[in-house]
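Here are the chains, one letter per residue:
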Amino acid sequence: PDPLQQSLSGGWSLGRQGWALSTPSGIAITLNQAERQIMRMLAAAPNEPVSRDVLITNLTGDVDGFDPHRLEMLVYRLRQKCREASGEDLPLRAVRGVGYLFEP
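This is a predicted model, so every value here is computed, not measured.

> Just to check I follow, could you spell out the sheet that holds strand β5 (residues 50–51) for this structure?
Strand pairing in a sheet relies on backbone hydrogen bonds. The paired strands run either parallel or antiparallel. One open sheet holds the three strands; their spatial order is β5-β7-β6, and the pairing between them is antiparallel. The sheet is open, and its two edges are formed by β5 and β6 (92–95), each paired on a single side. Relative to strand β7 (residues 99–102), β6 is paired through four bridges, and the arrangement is antiparallel. From the neighbouring strand, Ala 94 faces β7, where its bridge partner is Tyr 100.

Below is the structure:
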């Protein structure tokens, strides 16, 4: 087991300093830099929505030049990556008008 593993709710966890996401069934999914940033922000605010602005600020140094649709695409791809690797759905949901929430 990873001593730096951070438990998320519902049996999910972040390990290897945020570079791997483990599913409730124990499958480890390697994250890229952007996915890691998103998951670390969500893990830091359990059961609380994280605003799109906060997520975008942590993803880029150029907030004004960042297309907000990129965030939606990153979340879509992360969900797809988890589903394809494990058959499990990442419990990451959009909160209309706010941002995203990790809520199993």
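> Looking at this structure, how should I read the packing of aromatic side chains?
Between two aromatic rings, the relevant description is the distance of the centres plus the angle of the planes. Scanning the model with the defined rule gives one aromatic pair in all. With a centroid separation of 6.3 Å and an interplanar angle of 85°, the aromatic rings of Trp 12 and Phe 102 are classed as edge-to-face. Within this pair, whereas Trp 12 is found in the loop between β1 (6–7) and β2 (13–15), its partner Phe 102 is found in strand β7, the two being separated by 90 residues in sequence. As far as burial versus exposure is concerned, Trp 12 and Phe 102 are alike and both buried.

> When you look at the sheet that holds β2 in this model, what are you seeing that I'm missing?
Spatially, the four strands line up as an open sheet ordered β1-β2-β3-β4, and their pairing is antiparallel. With partners counted over all chains shown, the strands left at the sheet margins are β1 and β4 (28–30), one partner each. Two strands pair when backbone bridges link them, and β1 and β2 are joined in this way by two bridges, in the antiparallel orientation. In the sheet register, Ser 7 faces β2, and the bridge partner there is Ser 13. Helix α1 (residues 33–43) rests against β1, β2, β3 (20–22) and β4 of the sheet, and its axis sits at about 130° to β2.

> How should I be thinking about the side chain of Glu 88 in this particular structure?
Secondary-structure assignment places Glu 88 in the loop between α3 (68–86) and β6. The side chain of Glu 88 is buried and forms no salt bridge, while Arg 83, the nearest opposite charge, is found at 11 Å. Here the side chain of Glu 88 touches Ser 25 through a polar contact of 2.4 Å, side chain to side chain. Glu 88 has contacts with Trp 12, Thr 23, Pro 24, Ser 25, Cys 82 and Arg 83, leaving out every residue within four places of it along the chain.

> Help me understand the packing of α1 against helix α2 (residues 52–59) in this model?
Two measures define how a pair of helices packs: the angle their axes make with one another and the distance between the axes. Viewed as axis vectors pointing N to C, α1 and α2 meet at an angle of 140°, and their least axial separation amounts to 10 Å. If you check the angle between α1 and α2, you find them oblique. Handedness of the crossing formed by α1 with α2: right-handed. Facing Ala 34, Gln 37, Ile 38 and Met 41 of α1, the residues of α2 in contact are Val 54, Leu 55, Asn 58 and Leu 59. By residue class, the composition of the contact of α1 with α2 is six nonpolar, two polar and no charged.

What counts, and where the lines are drawn
Residues numbered from 1 in each chain as written. Predicted model: local features only at pLDDT ≥ 70, side-chain atom pairs only at ≥ 80, totals over all residues. Heavy atoms only, no water. Pairing = 2+ DSSP bridges. Helix = DSSP H or I, 4+ residues; strand = E, 2+ residues; numbered from the N terminus. Phe/Tyr/Trp six-rings, centres within 6.5 Å; stacked < 30°, edge-to-face > 60°. Buried < 20%, exposed > 50% of the residue type's maximum accessible area, 1.4 Å probe, protein only. Contact = heavy atoms within 4.5 Å. Axes fitted to C-alpha atoms, helices over the stretch in contact; angles between N-to-C directions. Lys, Arg positive; Asp, Glu negative; His and termini not counted. Salt bridge = Lys/Arg side-chain N within 4 Å of Asp/Glu carboxyl O. Polar contact = N/O pair within 3.5 Å; in protein donor to acceptor, adjacent residues only side chain to side chain. Parallel < 35°, antiparallel > 145°, perpendicular 65-115°, else oblique. Left-handed = near helix turned anticlockwise from the far one by under 90°. Nonpolar A, V, L, I, M, F, W, Y, C, P; charged D, E, K, R; others polar.

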